[in-house]
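Given next are the chains, with one letter for each unit.
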Amino acid sequence: MAAAQSDLRGDLAAIVGDAHVLTGPAIERTYDTDAYGVEHFPPQAVVLPADTAEVAAVVRYCNAHGLPFTPRGAGTGLSGGAMPALGGVVVSTKRLTKVLEIDLPGRRLKAQTGIANARLSAAVAADGFEFAPDPSSQSVSTLGGNIAENSGGPHTLKYGVTAQHILAVTLVDASGHVREVARGPGYDLLSLVVGAEGTLGIVTEAWVKLTPLRPRVETALFSFASVRSACDTVAAIVAAGVLPAALEMMDERILVAVRSAFGLDYPDGTLAMLLVECDGEPAAVGDEMARVVEIAKNNGTLQIQTAQDEAERARLWHVRKKGIGAMGRYAPTIVTHDGVIPPSKLPDMLDFVYAVAAEAGVGVANIFHAGDGNLHPCFYFDEREPGVVDKVVAAGEKIIHRCLELGGSVSGEHGIGVEKSGLLAQMFDDDSMRLQLDFRRIFHENPLCNPCKVVPDNKSCVEHKVRWRGVAT
Ligand SMILES: Cc1cc2nc3c(=O)[nH]c(=O)nc-3n(C[C@H](O)[C@H](O)[C@H](O)COP(=O)(O)OP(=O)(O)OC[C@H]3O[C@@H](n4cnc5c(N)ncnc54)[C@H](O)[C@@H]3O)c2cc1C
């Protein structure tokens, strides 16, 4: 039975302490969404446990009282994963921010999962190491969120996604049992937990792999007079077998926003830019960047800005990492989409994205991991305009259909969440979808753990969609 609100607050306070239970209208509004931003549902309470034992006690309490619960890190997720779709309790990892152990000879580090991604690298930078996954949200997004979404980032092209850098986790499973999950012989449960979007339980601690810093890094920003010539450059770099550490693209709408927010020089007539980083042994890096420059020149680059020192490198990266934030000046609401296509299809795909946005009557800007073919069309609009959210959702679906037609994927790194829980079935057949749901049920008979995410697991999820959009999707 669900507890009355006053009992709920008191019961949760008995587990985590009164100061660490948040309730009331302001809390309901703050925690009713994430960076997906257009789908909302308020929690009954938010709890901030201090350690694994408190997380487990909260999860057991929710199970005993039939309360849905939703794990939450920094709330930067872009597919609605931390939005409490059926209300209940949000379990925040805000207080789980400690580095627990650093093992340099073993090239690994253990931390609680509420720690911000960037703090992991900062903890070992002086020793010549880093945590390689670097989502552009890394100054705030948490290790737990990165694990749950199997996040990528600009350096995924060369160093892989989060899954390749997680060695073991402590999981409070959906029933409240604490389990140590590591890779080893037998079924690879760690691969199931990483990328599960918080539907199998709450990860409270993790051992992560440390990657040695490279002896040489070269970073350059290339300007182009058209999106097509920038896309052609990306396709040619990939086709030539050159593997930069990062190969990122920004179109004109992003550049204008970044220029007015932070200042950015580029020649008149620039409609797209590529940020390219090469790293490794000095001689190899020089050769690789020379090859990239040659390809960019063959495709008509207007200007090349090369970082001469660490400060300039940081300045060039600032342009990329703050690009989405800078778009806040265009409109109050931004929905950042996520789909994957083969990089060779980029030029036509970008034309398609612009056409879809124009047809829907919403603005679009593109800033994305071009080397991976991982698109991020960012729609900007005013959510309060009647009907506009439906137009944005429909435009996103058209883009995802085209990604699938081109042999790509419904998501590269932002996850399925609620945003794409209806689209996953377009990528997999009925049997595969049933298998996904069966996996979830092995972990949890009773669908209370982050319900309605990834695979709709509960008839209330349909009701949630109807309440939100007025239609069942
Ligand atoms: C400006 C901007 C740039 C971004 N750039 C990138 C990028 O380059 N690459 C990329 O991949 N993503 C990017 N993202 C998306 C987002 O930052 C990532 O998905 C990130 O990993 C989410 O972390 P978070 O701590 O904010 O998680 P939240 O948003 O709080 O949660 C995300 C999901 O993880 C679950 N979760 C959170 N913590 C835990 C836990 N401890 N245990 C189990 N489940 C948990 C939640 O239930 C939810 O389903 C960007 C977002 C923004 C706003």
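Because the structure is predicted, anything quoted here is derived from the model rather than measured. (Residues numbered from 1 in each chain as written. Predicted model: local features only at pLDDT ≥ 70, side-chain atom pairs only at ≥ 80, totals over all residues.)

**Structural notes on the overall build of the protein**
So, point 1. The helix and strand tally for the protein stands at 16 helices and 20 strands.
So, point 2. Dimensions of the protein, computed from the C-alpha atoms along their principal axes, are close to 70 × 55 × 45 Å.
So, point 3. Sorting the 473 residues of the protein into buried and exposed places 51% on the buried side. (Helix = DSSP H or I, 4+ residues; strand = E, 2+ residues; numbered from the N terminus. Buried ≥ 20, exposed ≤ 12 C-beta atoms within 10 Å, placed from the backbone.)

**Section: the sheet that holds strand β20 (residues 377–381)**
Backbone hydrogen bonds are what pair the strands of a sheet, in a parallel or an antiparallel way.
So, point 1. Spatially, the seven strands line up as an open sheet ordered β15-β12-β14-β13-β18-β20-β16, and their pairing is antiparallel. Strands at the two margins of the open sheet, each flanked by one partner only, are β15 (303–306) and β16 (333–336). In this sheet, neighbouring strand axes are inclined to one another by 20 degrees on average, regardless of whether the strands run parallel or antiparallel.
So, point 2. Across four bridges, strand β18 (residues 363–368) lies against β20 in antiparallel orientation. Within the sheet, the bridge partner assigned to Val-364 lies in β20 and is Phe-379.
So, point 3. Of the strands in this sheet, β12 (216–224), β14 (272–280) and β15 are in contact with helix α10 (residues 282–298), which crosses β14 at around 160 degrees. (Pairing = 2+ DSSP bridges. Axes fitted to C-alpha atoms, helices over the stretch in contact; angles between N-to-C directions. Contact = placed C-beta atoms within 7 Å.)

**Considering the domain arrangement of the protein**
So, point 1. The domain boundaries assigned to the protein delineate domain 1 (5–92), domain 2 (216–325) and domain 3 (330–405).
So, point 2. The distance between the C-alpha centroids of domain 1 and domain 2 comes to 41 Å. (Domains from an automatic or database assignment.)

**Regarding the site of the ligand**
So, point 1. Taken together, 38 residues lie around the ligand, and Gly-73, Gly-81, Gly-144, Gly-145 and Gly-198 are the ones closest in.
So, point 2. Put simply, the parts of the chain that give the shell around the ligand at least two residues each are β3 (69–72), α5 (143–149), β10 (201–209) and α12 (323–326).
So, point 3. Ranked by residues supplied to the shell around the ligand, first place goes to α5 with five residues.
So, point 4. By residue class, the composition of the shell around the ligand is ten nonpolar, 22 polar and six charged. (Near = placed C-beta within 6 Å. Nonpolar A, V, L, I, M, F, W, Y, C, P; charged D, E, K, R; others polar.)

**Focus: the sheet that holds strand β4 (residues 89–92)**
So, point 1. The sheet built from four strands is open, its strands ordered β1-β2-β4-β3 with mixed pairing. The open sheet has two edge strands, β1 (21–22) and β3, and neither has a second partner.
So, point 2. Pairing between strand β2 (residues 45–47) and β4: three bridges, direction parallel. Following the sheet pairing, Val-47 is matched in β4 by Val-91.
So, point 3. Each of β1 and β2 touches helix α1 (residues 5–16); the most contacted strand, β2, lies at about 0 degrees to it.
So, point 4. Running at roughly 170 degrees to β4, helix α3 (residues 52–64) makes contact with β2, β3 and β4 of the sheet.

**Structural notes on the packing of helix α8 (residues 227–239) against α10**
So, point 1. Following both chains from N to C, one finds α8 and α10 inclined at 140 degrees, their axes separated by 9 Å at the closest point. Of the possible angle classes, the one that applies to α8 and α10 is oblique. Regarding α8 and α10, the two cross each other, and that crossing is right-handed. Between α8 and α10, the residues in contact are Thr-233, Ala-236 and Ile-237 and Val-292, Ile-295 and Ala-296, respectively.
So, point 2. Looking at the contact of α8 with α10, its residues break down into five nonpolar, one polar and no charged. (Parallel < 35°, antiparallel > 145°, perpendicular 65-115°, else oblique. Left-handed = near helix turned anticlockwise from the far one by under 90°.)

**Details of helix α13 (residues 346–360)**
So, point 1. Taking 1.5 Å as the rise per residue, α13 with 15 residues should run 21 Å; its terminal C-alpha atoms sit 21 Å apart, in good agreement.
So, point 2. Listed in full, the buried residues belonging to α13 are Leu-346, Met-349, Leu-350, Val-353, Val-356, Ala-357 and Ala-360. Buried residues of α13 fall within an arc of 125 degrees about the axis and therefore sit on the same side. Facing away from the buried surface of α13 by more than 90 degrees, the exposed residues are Ala-355, Ala-358 and Glu-359.
So, point 3. The inward-facing, buried residues of α13 contact α8, β18, β19 (374–375), β20 and α14 (388–405). (Expected span 1.5 Å × (residues − 1). Arc of directions from axis to C-beta.)

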